[in-house]
Amino acid sequence: MSGENERRTVGQLPTNNGPTARVPAVLTWLVWLLWLASLCVVGVRLAGGGGWELSGLVVVDGLTLVMWVVVTFFSGIVHSYSRRYMAGSEHLTRFFTRLFAFTLVVMGLVAADHVVGFWLAWLAMGLVMADLVGTVRGWPQARTAASYARRYFLASSVFLGIALVTLSQATGARTISEILVAAETVSGTTLTVALGSLLLAAMIQSALVPFHTWLLSSMTAPTPASALMHAGFVNAGGVLFARFAPVVTLDGQFMLLVVVVGAASALLGKLLKSVQADIKGSLGCSTTGQMGFMLVQAGLGFFGAAVTHLVLHGFYKAHQFLSSGGQIEQTDPTTGSTARSLGLAGGVVTLLTATAGGVVFALLTGKGTGLDSGLLLTGLVVLTTLHATQTAVRRRSVPARLRYGVVAILFLPAIAVYGAVYVAITGLMNGGVVTVPADLTVVHVAVGAAFAVAYIAIETGLYRRSERLYVALLNATQPPSGTVLTASEEYSER
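All values derive from a computational prediction rather than experimental measurement.

S.K.: Whenever I open this one, empty space enclosed by the protein confuses me. Can you help?
M.R.: Any space left empty among the atoms is revealed by the rolling of a water-sized probe across them. A complete count under the given rule lists two cavities of 30 Å³ or more for this structure. Taken as a whole, the largest cavity encloses approximately 60 Å³ of empty space. Met67, Val71, Val106, Leu109, Val110, Met125, Gly232, Phe233, Asn235, Ala236 and Val239 are the residues that line the largest cavity. Elements with a contribution of two residues or more to the lining of the largest cavity: α2 (62–85), α3 (92–111) and α10 (236–243). Top element by residues in the lining of the largest cavity is α3. It accounts for three residues. Tallied by class, residues from the lining of the largest cavity come to nine nonpolar, two polar and no charged.

So, in structure tokens, the structure goes:
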């Protein structure tokens, strides 16, 4: 085999001072400066400053500041990581210019007020991300994946354009701020068209089922680009709903539809993840499920919770992608581990911790204390805690007494942190529509029951007994064949 005796060095930073070395370094410093500037602006706002605007063009409000801080932070991490990851690549300069351009476009998107500027930023965000997916242009699979993703992003832009034109024509407004003020004047078919278009635009951009295949085919992107995609790009659906909250809350039936759509994607994302054999594919399915959860929170009327979810999910998923190389392991399928019983003590600890987690969340946020949609939100927190707790309790590498004692010590503070972040973000977003809880309905109860049943089926392994279900899930996770590398000889970095 040629080259097997070659000595390879991985991860060395360039030592020359040529343009190839300077561009990544300069852009990395610029991104971190943008992050510091964003923090300073947040500090000014917290000190008593209001929002800023350039009439008709730009509005810097709480949502803008939250996203500026988050996006520049993630981008700074990815830029810093990529200097070593992409060292030696002939695509180094183009890769970094696209990363930086993506950062600027997203910052422009969350601040844009004019409908044309907002739409152009949304379109540019998709086109730049598609270009990152196809970074390695000499690789046919990367070119195909980029083209496939680009078609989806263009479709998302078309639907957003329909929504913006419809709302603009109905209200006579040319800025998002004016549209939101006059939102109550929109009704009937006009409102239905606008809301349906917004939902489709969000579903495509956030890779919800059935639009998730573009995300699974995008694994041709360099891992840092995948990290930025999953930590930032797919969150655009949640940002869109948060920005247009006064519009989407006009129709209670539409909000129920959003909950159902989000719940379906959340549940299917979990099932699709269970049949994935590769790490990045598994993370992609996880993102589809998590974006479904985000949409559920928006549909329940908790837009602050949706933004909090996308922020914390961004931190988690960025870490998962950038550390994905360390998660690869070789196992023997004949000796694979099976789920172990919790036992009486483990079951009691799990239930008590999950219940306490729900109580902590309710006390910190005030959600789940009345008969409204907040009860379902708190119930989802309980289920999430239940799953995380039982996973920890089943770890037999740690002594039982230590497991049972440490679980509550670890998870309850984590929920407290989540609640605190939620309160902080909703406080910073004060002035916009961040919480509009709906009355509890049969649909909410049915969604809660579906999550509970799915949890039991997954944790007990019941879903594995159906070969037909397994094949259906496997087929649903297959990206287009042209984006799949079947032989290493097909790869070319040129």
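S.K.: Sorry, what's going on with the pattern of salt bridges here?
M.R.: What the rule picks out here adds up to three salt bridges. A salt bridge links Arg243 to Asp61, with the shortest nitrogen-to-oxygen separation between them at 2.6 Å. Of this pair, Arg243 sits in helix α10 while Asp61 sits in the loop between β2 (58–60) and α2; the two residues are 182 residues apart in sequence, bridging distant segments of the chain. Of the residues examined, Arg243 reaches a relative accessible area of 12% and is grouped as buried. A relative accessible area of 22% means that Asp61 is categorised as partly exposed. Two residues, Arg94 and Asp131, come together in a salt bridge whose shortest N-O distance is 3.6 Å. With Arg94 in helix α3 and Asp131 in helix α4 (residues 115–133), this residue pair connects regions lying 37 residues apart in the sequence. Per residue, the accessibility class of Arg94 equals that of Asp131, and both read buried. Connected through shared salt-bridge partners, Arg94, Arg98 and Asp131 make up one network.

S.K.: I would appreciate a short explanation of the nonpolar core in the present structure.
M.R.: The tendency in soluble globular proteins is for nonpolar side chains to be buried as a group. In terms of nonpolar packing, the biggest core is built from 103 residues, with Trp214 and Phe241 touching the most fellow members. In terms of residue count, the dominant contributor to this core is α3 (twelve residues). Excluding residues that lie within four positions of it along the chain, Phe241 makes contacts with Leu198, Leu199, Ala202, Val248, Phe254, Val258, Leu295, Ala298 and Phe303. Counting residues in each nonpolar core, the second largest holds 20 residues, with Phe361, Leu377, Val381 and Ile415 among its members.

S.K.: Looking at this model, I keep getting lost on the packing of helix α13 (residues 279–299) against helix α14 (residues 303–322). Mind explaining?
M.R.: Between α13 and α14, whose axes approach to 8 Å, the crossing angle comes to 170°. The orientation of α13 relative to α14 falls into the category roughly antiparallel. Contacts between α13 and α14 involve Lys280, Leu283, Ser286, Thr287, Gln290, Met291, Phe293, Met294, Gln297 and Ala298 from the former and Phe303, Ala305, Ala306, His309, Leu310, His313, Lys317, Gln320 and Phe321 from the latter. The class makeup of the residues in the contact of α13 with α14 is ten nonpolar, seven polar and two charged.

Criteria and thresholds
Residues numbered from 1 in each chain as written. Predicted model: local features only at pLDDT ≥ 70, side-chain atom pairs only at ≥ 80, totals over all residues. Heavy atoms only, no water. 1 Å grid on protein atoms, 1.4 Å probe; cavity = no way out; pocket = protein on both sides within 12 Å on 5 of 7 lines; lining within 4 Å. Points joined across faces, edges and corners; volume = space filled by probe spheres on them. Helix = DSSP H or I, 4+ residues; strand = E, 2+ residues; numbered from the N terminus. Nonpolar A, V, L, I, M, F, W, Y, C, P; charged D, E, K, R; others polar. Salt bridge = Lys/Arg side-chain N within 4 Å of Asp/Glu carboxyl O. Buried < 20%, exposed > 50% of the residue type's maximum accessible area, 1.4 Å probe, protein only. Core = buried A, V, L, I, M, F, W, Y, C linked by side-chain atoms within 4.5 Å. Contact = heavy atoms within 4.5 Å. Axes fitted to C-alpha atoms, helices over the stretch in contact; angles between N-to-C directions. Parallel < 35°, antiparallel > 145°, perpendicular 65-115°, else oblique.

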